[in-house]
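Each chain is listed here by its residues.
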Amino acid sequence: MRVPHPPDRGCSENGERGDLHRYCEAPDKGDPVFNDSGSLKAPLVDVKPCEEHDAALRLTAGDREGDVIPYQPRPPLLPRLSRSSRSGSLEEAVRSRRLRNSQESLSDQAETGSSTDSLKDDQTRPARGGVVVGSATPQSDPAGRQVQPGKARLSPVQPAGPLPALEKRFMSATLRAANRIDRDCLDYAVLAREKPVGERLHRNLSDSRLLENMGSDSSCVNSMRSAYSVLSPIRTQDVRSRSFLEGSVMGSGAMLGAMELDRHFPDRRVGIYIATWNMQGERGLPVNLDDLLLPTDSEFAQDFYIIGVQEGCPDRREWEARLQETLGPYYVMLYAASHGVLYLTVFIRRDLIWFCSEVEHATVTTRIISQIKTKGAVGIALTFFGTSFLFITSHFTSGDAKVYERVLDYNKIIEALSLPKGLPNTKPYHSTTSDVTTRFDQVFWFGDFNFRLSKDRGDVESIMNSTVDGDMGPLLEHDQLSKEMKDGSIFKGFQEAPIHFSPTYKFDIGCDVYDTTSKQRTPSYTDRILFRNRQADNIRVVKYTNCSSIKTSDHRPVIGVFHVKLRPGRDNIPLGAGQFDRGLYLEGIGRRITRDLRRREAMKSASSSTICAIS
């Protein structure tokens, strides 16, 4: 082992050579070497003498003539290790680096959040010995040896192309399907692509479209409208050029025109619920009318509810209030008319009342003495959009054998019912003065027609007991009304849906047993619903059945659900201006609230009460 020279024995005037020579004296083979911290490192072998390094420095200084460059000492080079020692130290270094990189990668969010195969250079930092690490390319030290690159970081994911634009129409398909009343919610972006740039959309209907250059505004309006409102913005130009009262006769932009009709009824069909019931003049009404108007087997309520009553209860106002209470705040009573104990009531969805015309009614008595108003008819006429409707409820002459008298009642009603009065005739070329039903597009006639089964009671009961799957064909072969309609003597042009329910007359009150009195009346289909349409398939039958749960009368109510085709209207139709019976509406809603409060109090008291058992 060599002893380091003191500083004053060097070859430089300022002692730098002595210091450099002192540090360049290599230890012998096998001698241990200590680092700065005093820890023992591996023994060094094959150390290169420092004379070569001194010669290189002198050669560099001699290249520049006349320049005196002060000599700057450099740290000594790392000694070369033997192959066996070098492999062992490299393996240990690799293991330690892997462990350190794995720990750092777990705590580094930039690395854990990347999933691409592109590497990004780490921030460069000076390492021991003056070597710069952190580059993706290998670096070399002054001796020419390559140094491994620093820790590589994965770069964030970059999109391959531009991201797609956010769709302005973002309301769900379920909401669009459920919100039928606002079918006008169109995607303005799609509409703008179809039109040339700068071209304005001129529409007669003000709330159907917006300008193409209102992209951001249309998105805001669309989102607000789809979530909260069915109202569309109105352009000032349309307000200036359009009149709601006097439009073109066949203009599509009329208030009752085609565009408005398609916006509220995309399939141009309206739902109508019809119920007829002979109440037998009972004072006590059923406790609950839900089964009559809102049966559980119907998923959706209808747009119109038409209720006809024969031999109605003495308090007509109470009956109408009960109807309003049952239908609730979604419906208002558009009109009600009566003829003695014949009641006819029309309810409509509250948001559809603006498209209904003024309502008219007329009555006819079929009794010899006109003051007795137990038999006859009452009719209500109205126009919804461009389709005219006539609803008639009637009560014909009773008696098993009085078929001819019932035909006379029918003829008298169609001749004497003076409708329409002020409404326009929508069928001017097909109507006759002798038949009121020919003056309207859609006609519904229902009531207690009193037609019986021309068969003994025993035979009728045996046929009823032998029916399978509701097939009432064998029983209807003896029906007086079906026979007269086939002969063309009554209800010309009318139709009836197939019957799959039991006869509705005559029952003992409060039970499902037919007449057990001394008269032993034959069960019959006295209560019927017939319809006549303008064209074939204009009226589709959805349901035709009886309501067997209401047993306060000797008749069972009959109900029918229909989907009726609508036509666009004209601006010259006199509108009802949204009029309805507000007093009845408040009365019915007040009763509904009171009933709900009482029910809650009863449930609360029942849950809080306790039962004590004394043994």
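Keep in mind that what you see is a predicted model, and the values were worked out from it rather than measured.

**Brief notes about the sheet that holds strand S8 (residues 304-310)**
Right, so step 1: Spatial ordering of the open sheet is given by S9-S10-S8-S7-S17-S16, a layout of six strands whose pairing is mixed. A single partner strand is all that each edge strand has here, and the edge strands are strand S9 (331-339) and strand S16 (539-546). Taken over all neighbouring pairs, the strand axes of this sheet differ in orientation by 15° on average, direction set aside.
Right, so step 2: By the bridge criterion, seven bridges tie S16 to strand S17 (residues 558-565) in an arrangement that is antiparallel. Residue pairing in the sheet places Asn 546 in a bridge with Val 558 of S17.

**Examining unusual backbone geometry**
Right, so step 1: In this model, Leu 419 is joined to Pro 420 through a cis peptide bond whose omega is -5°.
Right, so step 2: Omega for the peptide link from Tyr 505 to Lys 506 comes to 0°, which places this bond in the cis form.
Right, so step 3: Residue Gln 280 is not a glycine yet carries a positive backbone phi of 60°.
Right, so step 4: Looking at the secondary structure, you find Gln 280 in the loop between strand S7 (269-278) and helix H10 (290-293).
Right, so step 5: One non-glycine residue, Glu 311, lies in positive phi territory at about 50°.
Right, so step 6: Note that Glu 311 resides in the loop between S8 and helix H11 (316-327).
Right, so step 7: You can call Glu 311 partly exposed: its relative accessible area is 27%.

**Let's talk about the packing of aromatic side chains**
Right, so step 1: On inspection of all chains with the given rule, the structure shows 25 aromatic pairs.
Right, so step 2: Taken together, a centroid distance of 6.3 Å and an interplanar angle of 55° make the contact between Trp 277 and Trp 319 tilted. With Trp 277 in strand S7 and Trp 319 in helix H11, this residue pair connects regions lying 42 residues apart in the sequence.
Right, so step 3: Counting every residue linked through ring pairs, the aromatic cluster contains Phe 396, Tyr 410, Trp 445, Phe 449, Phe 491 and Phe 494.
Right, so step 4: Directly above the ring of Phe 451 sits Arg 406, whose terminal nitrogen or CZ lies 5.0 Å from the centroid.
Right, so step 5: It is Arg 556 that lies over the ring of Phe 507; its NZ or CZ is 4.0 Å from the centre.

**Some words on the sheet that holds strand S14 (residues 442-448)**
Right, so step 1: With respect to topology, five strands assemble into an open sheet ordered S11-S12-S13-S14-S15, the strand pairing being mixed. The sheet terminates laterally at strand S11 (360-365) and strand S15 (527-532), the two strands that pair on one side only. On average, each strand axis in the sheet is tilted by 15° relative to the strand beside it, whichever way the strands run.
Right, so step 2: Where strand S12 (residues 376-384) lies against strand S13 (residues 387-395), nine bridges are found, and the strand directions are antiparallel.

**What about the pattern of salt bridges?**
Right, so step 1: Summed over the entire model, instances satisfying the criterion amount to 25 salt bridges.
Right, so step 2: Ionic pairing is found between Arg 317 and Asp 581, a salt bridge with its closest N-O pair at 2.9 Å. Pair noted here: Arg 317 is in helix H11 and Asp 581 is in the loop between S17 and helix H16 (582-608), with a separation of 264 residues, a long-range link.
Right, so step 3: With a closest N to O distance of 3.7 Å, Arg 540 and Asp 537 form a salt bridge.
Right, so step 4: Look at Arg 540 and you get partly exposed, because its relative accessible area is 42%.
Right, so step 5: You can call Asp 537 partly exposed: its relative accessible area is 46%.
Right, so step 6: Here the residues in one salt-bridge network are Arg 316, Arg 317, Glu 320 and Asp 581, joined through shared partners.

**A short note on the UniProt feature "transmembrane region" (unreviewed entry) in the protein**
Right, so step 1: As annotated in UniProt, the feature "transmembrane region" (unreviewed entry) corresponds to residues 330-348 and 377-396 in the numbering used here.
Right, so step 2: The straight-line gap between the two end C-alpha atoms of residues 330-348 is 9 Å; of that span, 0% is helix and 84% is strand.
Right, so step 3: Across residues 377-396, helical content stands at 0% and strand content at 85%; the span's end C-alpha atoms are separated by 9 Å.

**With respect to the nonpolar core**
Right, so step 1: Counting residues in each nonpolar core, the largest one holds 53 residues, and the members touching the most others are Ile 272, Leu 382, Phe 384, Phe 389 and Phe 444.
Right, so step 2: Leaving out residues up to four positions away in the same chain, Ile 272 has contacts with Gln 302, Phe 304, Ile 306, Phe 389, Phe 391, Phe 444, Gly 560, Val 561, Phe 562 and Val 564.
Right, so step 3: Core analysis: the second largest hydrophobic core is formed by 27 residues, Ile 413, Val 436, Phe 449 and Leu 530 among them.

**Focus: the confidence of the model for the protein**
Right, so step 1: Confidence along the protein averages 75 in pLDDT terms, with 61% of residues attaining 70 or more.
Right, so step 2: Confidence drops under pLDDT 50 across residues 110-143; counting only partners more than four residues distant or on other chains, this segment forms 55 contacts.
Right, so step 3: Within the model, the stretch residues 244-249 combines pLDDT values under 50 with six contacts to residues more than four positions away or in other chains.

**Brief notes about the environment of Gln 302**
Right, so step 1: Its place among the elements puts Gln 302 in the loop between H10 and S8.
Right, so step 2: A relative accessible area of 12% places Gln 302 in the buried class.
Right, so step 3: As a C-alpha pair, Gln 302 and Gly 271 span 31 residues in sequence and 4.8 Å in three-dimensional space.
Right, so step 4: Excluding residues that lie within four positions of it along the chain, Gln 302 makes contacts with Gly 271, Ile 272, Tyr 273, Tyr 331, Arg 349, Val 561 and His 563.
Right, so step 5: A polar atom in the side chain of Gln 302 sits 3.4 Å from the backbone oxygen of Phe 300.

About the thresholds
- Residues numbered from 1 in each chain as written.
- Predicted model: local features only at pLDDT ≥ 70, side-chain atom pairs only at ≥ 80, totals over all residues.
- Heavy atoms only, no water.
- Pairing = 2+ DSSP bridges.
- Helix = DSSP H or I, 4+ residues; strand = E, 2+ residues; numbered from the N terminus.
- Axes fitted to C-alpha atoms, helices over the stretch in contact; angles between N-to-C directions.
- Buried < 20%, exposed > 50% of the residue type's maximum accessible area, 1.4 Å probe, protein only.
- Phe/Tyr/Trp six-rings, centres within 6.5 Å; stacked < 30°, edge-to-face > 60°.
- Lys NZ or Arg CZ within 6 Å of the ring centre and 35° of its normal.
- Salt bridge = Lys/Arg side-chain N within 4 Å of Asp/Glu carboxyl O.
- UniProt positions renumbered as here; feature names shortened; annotations may be inferred.
- Core = buried A, V, L, I, M, F, W, Y, C linked by side-chain atoms within 4.5 Å.
- Contact = heavy atoms within 4.5 Å.
- pLDDT = per-residue confidence, 0-100.
- Polar contact = N/O pair within 3.5 Å; in protein donor to acceptor, adjacent residues only side chain to side chain.

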